[in-house]
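Residue-level structure breakdown
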Amino acid sequence: MRSLSGFLVVFGSATFYLYVLSTRMRPGRGEQAERLFYRSLVFPSDLEELKEMADFLRHYKSEHQPYVMLLFCSAYLYKQTFAIPGSSFLNLLGGALFGPWLGLFLCSTLTSLGATFCFLLSSAFGKQMVVVYFPDKVSMLQNKVEENRSSLFFFLLFLRLFPMTPNWFLNLTSPILNIPVGQFFFSVLIGLLPYNFICVQTGSILSQLNSLDDMFSWVTLFKLLAIALAALIPGTIVKRFSLQDVGHKK
């Protein structure tokens, strides 16, 4: 109960902050703009809502760039910290608002920070709940991590580049698996860079996008697979040499 109450306090405080930032702390722009603001400023659930939000915030950013930057970063961290699905929409929005390179820097940094906040939140309040609700998945992942402990960083990279396990679940279970927070942070930063790059680059031409499926062609998917396999190769080599050392010692 203490873990649940602590989580609810953190979640409630973050939600209240985001609400105040989006409704009370915004720069004024008149009654008509205010009505449009209320209509546009919600987490998008489909491509049309995303395009509407991007179009509105692009115009709003021309006069209030620091506010839009703060709002975007806060919303992104909120979603990542509490493992709320929909980060691909925010990556697209980042590309539409800030361009391909600044958008990539922001999204990659926020992804890593938000995932780390989720890691710390799970470590403080969520370990027992994760084990209770996902015992089989936690056990399976624990076995895989122990098998690759000697090359853990490369294994974490592989999991991010080729996500057989959802990213949000990795964020929640990593404290249970005794993964060092430093390795966790950099595996997210590097491992999700290709995915963030594709989303942000696509977001920079959001107005031409007709479907989210347009982000991933077969060529793109094969490239991501090749990158994931390349990340696994160094870890396999390290693991092999570690086993050889153990054999020599015996």
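Keep in mind that what you see is a predicted model, and the values were worked out from it rather than measured. (Residues numbered from 1 in each chain as written. Predicted model: local features only at pLDDT ≥ 70, side-chain atom pairs only at ≥ 80, totals over all residues. Heavy atoms only, no water.)

Take the nonpolar core next. Core analysis: the biggest nonpolar cluster contains 27 residues, and Leu50, Phe72 and Leu93 have the highest contact counts within it. Those elements that place two or more of their residues in this core are helix H3 (47-61), helix H4 (65-81), helix H5 (87-98) and helix H6 (100-133). Not counting the four nearest positions on each side in its chain, phenylalanine 72 is found in contact with Leu90, Leu93, Gly94, Phe98, Cys107 and Leu110. (Core = buried A, V, L, I, M, F, W, Y, C linked by side-chain atoms within 4.5 Å. Buried < 20%, exposed > 50% of the residue type's maximum accessible area, 1.4 Å probe, protein only. Helix = DSSP H or I, 4+ residues; strand = E, 2+ residues; numbered from the N terminus. Contact = heavy atoms within 4.5 Å.)

All right, on to the packing of aromatic side chains then. Centre distance and the angle of the planes are the two values used to describe a pair of aromatic rings. The tally for this structure, following the rule as stated, stands at 17 aromatic pairs. Measuring from ring centre to ring centre gives 5.0 Å for phenylalanine 11 and phenylalanine 82, while their planes differ by 90 degrees; the resulting arrangement is edge-to-face. Remark: phenylalanine 82 occurs in the loop between H4 and H5 and phenylalanine 11 occurs in helix H1 (residues 2-23); sequence separation between them is 71 residues. The exposure class of phenylalanine 82 is buried, given its relative accessible area of 13%. Ring geometry for tryptophan 168 versus phenylalanine 169: centroids 5.8 Å apart, planes at 80 degrees, classification edge-to-face. Taking relative accessible area as the criterion, tryptophan 168 reaches 37% and is therefore assigned partly exposed. One aromatic cluster is present, built from ring pairs that chain together Phe7, Phe11, Phe43, Tyr78 and Phe82. Its guanidinium or amino end placed over the ring of phenylalanine 43, lysine 79 lies 4.8 Å from that ring's centre, counting from NZ or CZ. (Phe/Tyr/Trp six-rings, centres within 6.5 Å; stacked < 30°, edge-to-face > 60°. Lys NZ or Arg CZ within 6 Å of the ring centre and 35° of its normal.)

Between H4 and H6, whose axes approach to 8 Å, the crossing angle comes to 40 degrees. Of the possible angle classes, the one that applies to H4 and H6 is oblique. Our pair here, H4 against H6, has a crossing hand that is right-handed. Each of Met69, Phe72, Cys73, Tyr76, Leu77, Gln80 and Thr81 in H4 lies in contact with H6, whose residues at this interface are Leu102, Leu106, Cys107, Leu110, Thr111, Leu113, Gly114, Ala115, Phe117, Cys118 and Leu121. In the contact of H4 with H6, the residues fall into 14 nonpolar, four polar and no charged. (Axes fitted to C-alpha atoms, helices over the stretch in contact; angles between N-to-C directions. Parallel < 35°, antiparallel > 145°, perpendicular 65-115°, else oblique. Left-handed = near helix turned anticlockwise from the far one by under 90°. Nonpolar A, V, L, I, M, F, W, Y, C, P; charged D, E, K, R; others polar.)

This part covers the environment of tyrosine 17. Mapped onto the elements of the fold, tyrosine 17 is located in helix H1. The residues touching tyrosine 17, leaving out its near neighbours within four places in the chain, are Leu70 and Ser74. One polar contact links tyrosine 17 to serine 74, side chain to side chain, over a distance of 2.9 Å. (Polar contact = N/O pair within 3.5 Å; in protein donor to acceptor, adjacent residues only side chain to side chain.)

As a further point, take the confidence of the model for the chain. Overall, the prediction assigns the chain a mean pLDDT of 80, with 75% of residues at 70 or greater. In this model, residues 241-250 is a region of pLDDT below 50 whose contacts with residues beyond four sequence positions or in other chains number one contact. (pLDDT = per-residue confidence, 0-100.)

Right, let's talk about a nonpolar patch on the surface for a bit. A cluster of nonpolar residues, Leu4, Leu8, Met129, Val132 and Tyr133, forms a patch on the protein surface that exposes about 510 Å² of accessible area. The biggest single contributor to the nonpolar patch is H6, with three residues. Within the secondary structure layout, leucine 8 lies in helix H1. (Patch = residues over 30% accessible without salt bridge, like charges linked within 9 Å, V, L, I, M, F, W, Y side chains within 5 Å. Areas by Shrake-Rupley, 256 points an atom, 1.4 Å probe, with all protein chains shown as cover. Salt bridge = Lys/Arg side-chain N within 4 Å of Asp/Glu carboxyl O.)

A few words on unusual backbone geometry. Backbone geometry follows two general trends: most residues other than glycine have a negative phi, and most peptide bonds adopt the trans configuration. Backbone geometry at alanine 83 places phi at a positive 50 degrees, although glycine is not the residue there. Along the polypeptide, alanine 83 turns up in the loop between H4 and H5. Look at alanine 83 and you get partly exposed, because its relative accessible area is 23%. We note that asparagine 178 has phi near 60 degrees; this positive angle belongs to a residue other than glycine.

Turning our eyes to something else, we now look at the UniProt feature "transmembrane region" (unreviewed entry) in the chain. Look at the UniProt record and you will see "transmembrane region" (unreviewed entry) annotated at residues 6-22, 67-86, 98-121, 152-170 and 216-237. Between the C-alpha atoms that bound residues 6-22 there is a distance of 25 Å. The span itself is 100% helix and 0% strand. Helix makes up 96% of residues 98-121 and strand 0%, whereas the separation of the span's terminal C-alpha atoms amounts to 29 Å. (UniProt positions renumbered as here; feature names shortened; annotations may be inferred.)

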